[in-house]
Amino acid sequence: MNPALQGLLTIVIGVGGCIAYFYFSNIFIDKVLFPPRGPNAGRNINRANIIRPWLFLAPALLALGLYLAYPVVETLRLSLTERVRGGGYEFVGLDNYRQMLSEPKFWEGFNNNLLWLIVVPAASTAFGLLAAQLTDRIRWGAIAKSLIFMPMAISFVGAAVIFKLIYDTRPAGQEQIGVLNAVWLGFDGGIGSFIWLRLVPGILLLALAAGAGALGWSLMRPILARDGRGPGVVFAALRILGAVLMALIVFVMLRQTLAVFLADYPYGQPQTWLTIPFWNNFFLMIVLVWIQTGFAMVLLSAALRGIPEETVEAAIVDGANPFQIFFKIKMPQIVGTIVVVWTTITIIVLKVFDIVFAMTNGQWETQVLANYMYDKLFRANDWGVGSAGAMVIMLMVTPILIWNVYNARKEMR
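Just so it is clear, the structure is predicted and the values come from calculations on it, not from any experiment.

Relative to each other, helix 4 (residues 104–135) and helix 10 (residues 279–305) sit at 40°, their axes nearing to 6 Å. As far as their axial angle goes, helix 10 and helix 4 are oblique. Crossing geometry of helix 4 relative to helix 10 is assigned as right-handed. Counted by class, the contact of helix 4 with helix 10 contains 18 nonpolar, nine polar and no charged residues.

Below is the structure:
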């Protein structure tokens, strides 16, 4: 069958099936189960109104149970068992988790995930906010937004292939088709090299360390406050865990800042960028930042447009400059949207797999947890340890989901 016709039939059958389900379920409730007539008409109407929402929700609940709840339970079961020869499984308790925690590749993936976690959401949100603010001020802003948003239409694997060409390396003496190597060969160790290869990266790393430190302090401040309004036990534990992770990131960033200024750069030689430890992680992160900036820009642009003009005009009348208007008037009013964008990108980062798999396959110290899980499940056929890795990823995502639900309920109240 022609793929286009097959797709059309799928849409027709899917939409038609949904319409038929809701239509006939209504008829079943009103005509058969609880008909609104006779001496019990009022009671039947009330019962029909109680059952109707659950009948409409049933397909979604069934799908969520089948495709979300069941895989979680099954993954947990597999993480506590081990395949035995001849078929079947044997319960081994936490042995798979102990084995996983003893493997250097797991800790490499865990540390890299933490690095991705602090860099990608922060960079994507910052660039998206900057793009949203600037494109709203220029005449051809709609075209600029379209160009910035365009990477969202590219798959992660497609984007990885594009950037793999950008990072391409040819032997010395040959013409470099990789853009980054073409730029690199222009550095000779002078003042320009110092500025772009030492000073700028050092400032960026210090900025990341400062941002992580500020975030860690903001997480700990409600716990350290002595006003009796501290968070509950669960949220206090999550805040302490987040603060510890931020402290670890600060340490890594400061150590790498020192390494930047002490490094001996091989000027004049083409570099295989994806094999340089630590820095190759940033080269991979750039791909996801490039994709997610457009997503952040669209949401933040809508939030900026929703700010009442009266507040901005009042600030201008009071003598506020553009920076004060942006950071003290606009930013506080779109904090909710910034949190949504940040947490959404964070969840994507915790599950990142495609980019790493397509560009380095976890080699040269670029392993991430999802790639580690894939290697264990489908290459080593170690379903127990692979499932344990999947549970770790789920546990890292869960606090963010709890935080979102908590904030959503708080706003509703």
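From this point on, the discussion continues.
By the secondary structure assignment, Ile50 is in helix 2 (residues 41–79). Judged by relative accessible area, which is 58%, Ile50 ranks as exposed. Once the C-alpha coordinates of Ile50 and Leu401 are considered, the two residues, 351 residues apart in sequence, prove to be 29 Å apart.

Looking now at the packing of helix 1 (residues 3–33) against helix 2. Describing two packed helices takes the angle between their axes plus the distance from one axis to the other. Direction vectors running N to C along helix 1 and helix 2 enclose 155°, while the axes themselves pass 11 Å from each other. In this view, helix 1 runs roughly antiparallel relative to helix 2, as classed from their interaxial angle. You can see that helix 1 and helix 2 cross each other, and the crossing is right-handed. The residues of helix 2 that touch helix 1, namely those facing Tyr21, Phe22, Ser25, Asn26, Ile29 and Asp30, are Ala48, Ile51, Arg52, Leu55, Phe56, Ala58 and Pro59. Grouping the constituent residues of the contact of helix 1 with helix 2 by class yields nine nonpolar, two polar and two charged.

Even without being a glycine, Phe278 presents a positive backbone phi close to 70°. Note on placement: Phe278 falls in the loop between helix 9 (233–262) and helix 10. Despite not being glycine, Asn361 shows a phi value in the positive range, around 55°. With respect to the element layout, Asn361 can be found in the loop between helix 14 (354–359) and helix 15 (369–379).

Turning our attention to the nonpolar core. Across soluble globular proteins, nonpolar side chains show a tendency to be buried alongside one another. Counting residues in each nonpolar core, the largest one holds 77 residues, and the members touching the most others are Met100, Trp116, Val120, Met253, Phe282 and Met359. The element contributing the most residues to this core is helix 10, with 14 residues. Those residues in contact with Val120 that sit more than four places away from it in its chain are Met285, Leu288, Val289, Ile345 and Val349.

Another aspect to go through is helix 12 (residues 322–333). The end-to-end C-alpha separation of helix 12 is 16 Å, in line with the 16 Å expected for twelve residues at 1.5 Å each. Taken as a whole, helix 12 has its buried residues at Ile325, Phe326 and Lys330. Buried residues of helix 12, viewed axially, fall in a sector of 90°; they line one side. The outward face of helix 12, more than 90 degrees from its buried face, is lined by the exposed residues Phe323, Phe327 and Lys328. Among the structural elements, helix 4, helix 10 and helix 11 (309–317) are those in contact with the buried residues of helix 12. The N-capping residue of helix 12, defined by a side-chain oxygen 2.7 Å from the backbone nitrogen of Gln324, is Asn321.

Tallied over the entire structure, the rule returns 19 aromatic pairs. Seen in terms of ring centroids, Tyr167 and Phe283 are 5.3 Å apart; in terms of plane orientation they differ by 50°. Their pairing is tilted. Here Tyr167 is found in the loop between helix 6 (156–166) and helix 7 (179–184), whereas its partner Phe283 is found in helix 10, with 116 residues between them in sequence. Take Tyr167 and Phe283: they sit in the same class, and that class is buried.

Moving on, we get to helix 15. Taken as a whole, helix 15 has its buried residues at Leu369, Ala370, Asn371, Tyr372, Asp375, Lys376 and Leu377. Once helix 15 ends, the next one or two residues include Asn381, with phi positive near 55°.

Turning our eyes to something else, we now look at the environment of Gly158. Note on placement: Gly158 falls in helix 6. The exposure class of Gly158 is partly exposed, given its relative accessible area of 24%. Along the backbone, Gly158 and Ile355 are 197 residues apart, and their C-alpha atoms lie at a distance of 8.9 Å.

Another point: the side chain of Thr257. The residue Thr257 is located in helix 9 in this model. Only 2.7 Å separates the side chain of Thr257 from the backbone oxygen of Met253, close enough to count as a polar contact. Discounting residues that sit within four places of it in the chain, Thr257 has contacts with Gly202, Leu205 and Leu206.

What counts and how
- Throughout this document, residue positions are counted from 1 along each chain, in the order its sequence is written.
- Where local features are concerned, this predicted model is filtered to residues with pLDDT of at least 70; where side-chain atom pairs are given and counted, the filter is 80 or more; whole-chain, interface and lining totals use all residues.
- Side-chain metrics rest on all non-hydrogen atoms present in the structure, leaving aside hydrogens and water.
- Comment: axis = line fitted to C-alpha atoms, over the contacting stretch for helices; angle = value between 0 and 180 degrees taken between N-to-C directions.
- Helix and strand assignments come from DSSP, with helices taken as H or I runs of at least 4 residues and strands as E runs of at least 2, each series counted from the N terminus.
- Angular relationships are summarised with four words: roughly parallel below 35 degrees, roughly antiparallel beyond 145, roughly perpendicular across 65 to 115, and oblique for the angles in between.
- Should the near helix be turned anticlockwise from the far one by less than a right angle, the crossing is left-handed, and should it be turned clockwise, the crossing is right-handed.
- All residues other than Ala, Val, Leu, Ile, Met, Phe, Trp, Tyr, Cys, Pro, Asp, Glu, Lys and Arg, Gly among them, are scored as polar; the first ten of these are nonpolar and the last four charged.
- Type-normalised accessible area, obtained with a 1.4 Å probe on protein chains alone, sets the label of each residue: buried when under 20%, exposed when over 50%, and partly exposed for intermediate values.
- Here a residue-residue contact requires only that any non-hydrogen atoms of the pair lie within 4.5 Å.
- Nonpolar cores were defined as sets of buried Ala, Val, Leu, Ile, Met, Phe, Trp, Tyr and Cys residues, with membership established by side-chain atoms within 4.5 Å.
- The span one expects for a helix is its residue count, reduced by one, times 1.5 Å.
- An arc is given here, and it is the one of the directions from the helix axis to the C-beta atoms.
- Within 3.5 Å is the distance limit for a polar contact, defined as a pair of N or O atoms, with the added protein rule that one can donate a hydrogen and the other accept it, and that residues adjacent in sequence qualify only through two side-chain atoms.
- Each aromatic pair joins two rings of Phe, Tyr and Trp (for Trp, the six-membered one) with centres within 6.5 Å, and gets the label stacked for planes under 30 degrees apart, edge-to-face for over 60, and tilted for any other angle.

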